[in-house]
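Observations on the model geometry
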Amino acid sequence: MLKVQNLSATYGQHPALNDVTINVNAGEIVVILGANGAGKSTLLRAISGICEGKVSGEVTLNGVGLTGLSSDAIVEKGVALVPEGRGIFGDLTVKENLLLGAYSARAREMERENLDRVLTQFPKLRERRSQIARTMSGGEQQMVAIGRAMMSAPEILMLDEPSLGLSPLLCKELFQNLVQVRKLGIGVLLVEQNAKQSLAIADRGYL
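If you're wondering where the values come from, they're calculated on a predicted model, not measured in any experiment.

**Quick look at empty space enclosed by the protein**
Under the definition given, this model contains one cavity of 30 Å³ or more. Here the largest cavity is characterised by a volume of approximately 50 Å³. For the lining of the largest cavity, the secondary structure elements donating two or more residues are helix H7 (138–150) and helix H8 (168–183). Partitioning the lining of the largest cavity into residue classes produces four nonpolar, three polar and one charged.

**Overview of the sheet that holds strand S1 (residues 2–11)**
Backbone hydrogen bonds are what pair the strands of a sheet, in a parallel or an antiparallel way. Ordered by their spatial adjacency, four strands build an open sheet running S2-S1-S4-S5, and the pairing between neighbours is antiparallel. Two strands in the sheet have a free side with no partner beyond their single neighbour: strand S2 (14–24) and strand S5 (64–65). Direction of pairing for S1 relative to S2: antiparallel, over a ladder of seven bridges. Bridged to Leu-2 within S2 is Val-24. In this fold helix H1 (residues 40–48) packs onto S1, S2 and strand S4 (54–61), with an angle of close to 110° to the strand it touches most, S1.

**A few points about the nonpolar core**
In this structure, Leu-125, Ile-146, Met-150, Leu-157, Leu-159 and Leu-178 are the most contacted members of the largest nonpolar core, which totals 39 residues. Looking at this core, the elements that each hand over two or more residues are strand S3 (29–32), strand S6 (79–82), helix H3 (94–100), helix H5 (111–121), H7, strand S7 (156–160), H8 and strand S8 (187–191). In this structure Met-150 touches Arg-117, Val-118, Gln-121, Phe-122, Leu-157, Val-181, Leu-184 and Ile-186, once residues within four positions along its chain are discounted. One finds Leu-7, Ala-9, Val-24 and Val-191 within the second-largest nonpolar core, a separate group that totals 24 residues.

**Concerning the sheet that holds strand S9 (residues 204–206)**
The strand order across the open sheet built from five strands is S6-S7-S8-S3-S9, with neighbouring strands paired in parallel fashion. The open sheet terminates on both sides in strands that have one partner only, identified here as S6 and S9. In this sheet, neighbouring strand axes are inclined to one another by 20° on average, regardless of whether the strands run parallel or antiparallel. Note: S6 against S7, four bridges, orientation parallel. Pairing of Leu-81 across the sheet is with Met-158, part of S7.

What counts and how
- Residues numbered from 1 in each chain as written.
- Predicted model: local features only at pLDDT ≥ 70, side-chain atom pairs only at ≥ 80, totals over all residues.
- Heavy atoms only, no water.
- 1 Å grid on protein atoms, 1.4 Å probe; cavity = no way out; pocket = protein on both sides within 12 Å on 5 of 7 lines; lining within 4 Å.
- Points joined across faces, edges and corners; volume = space filled by probe spheres on them.
- Helix = DSSP H or I, 4+ residues; strand = E, 2+ residues; numbered from the N terminus.
- Nonpolar A, V, L, I, M, F, W, Y, C, P; charged D, E, K, R; others polar.
- Pairing = 2+ DSSP bridges.
- Contact = heavy atoms within 4.5 Å.
- Axes fitted to C-alpha atoms, helices over the stretch in contact; angles between N-to-C directions.
- Core = buried A, V, L, I, M, F, W, Y, C linked by side-chain atoms within 4.5 Å.
- Buried < 20%, exposed > 50% of the residue type's maximum accessible area, 1.4 Å probe, protein only.

Printed below as a string of structure tokens:
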């Protein structure tokens, strides 16, 4: 279980988060809803160790402390982030992008099994595994970003506004994919503006 207790973050004199406490269990989808500027992205960045502000509070995964660890050490412990804007490598193929997600020691030994799991989870990526990522649609690129994060063998998968810029049809497909991810026993922490569709698949939500 991912446990966040009394997490606060400030950028200089400006508070972005104040005493946030949330839990995400294995095999459940938890959605974070809120207005622009409410601190949702800062929350994910603070958990994953990439927040540029000053962070205080406690983050643990299965009782192991993550607070103060580097971002790569947090991935090593089992928490992966799909950032807003996807952040894929556009000039690399789908398969090359996916394999970059398996750099952590926890994932390296099972790289082949994880790749097969991701390609089974997202059949479209299996068909397109030799395609250059920037030539794909926005929805397909989002699948690549999620697949790359899953290649690190996470226990908790965090996604920041994954439906941003996608058509309603692709949004529906994206959320169906997240339901399939949950069935693998992975906890999903989702920041979303699309309240209706995200709450439809979520076990719980925080506002």
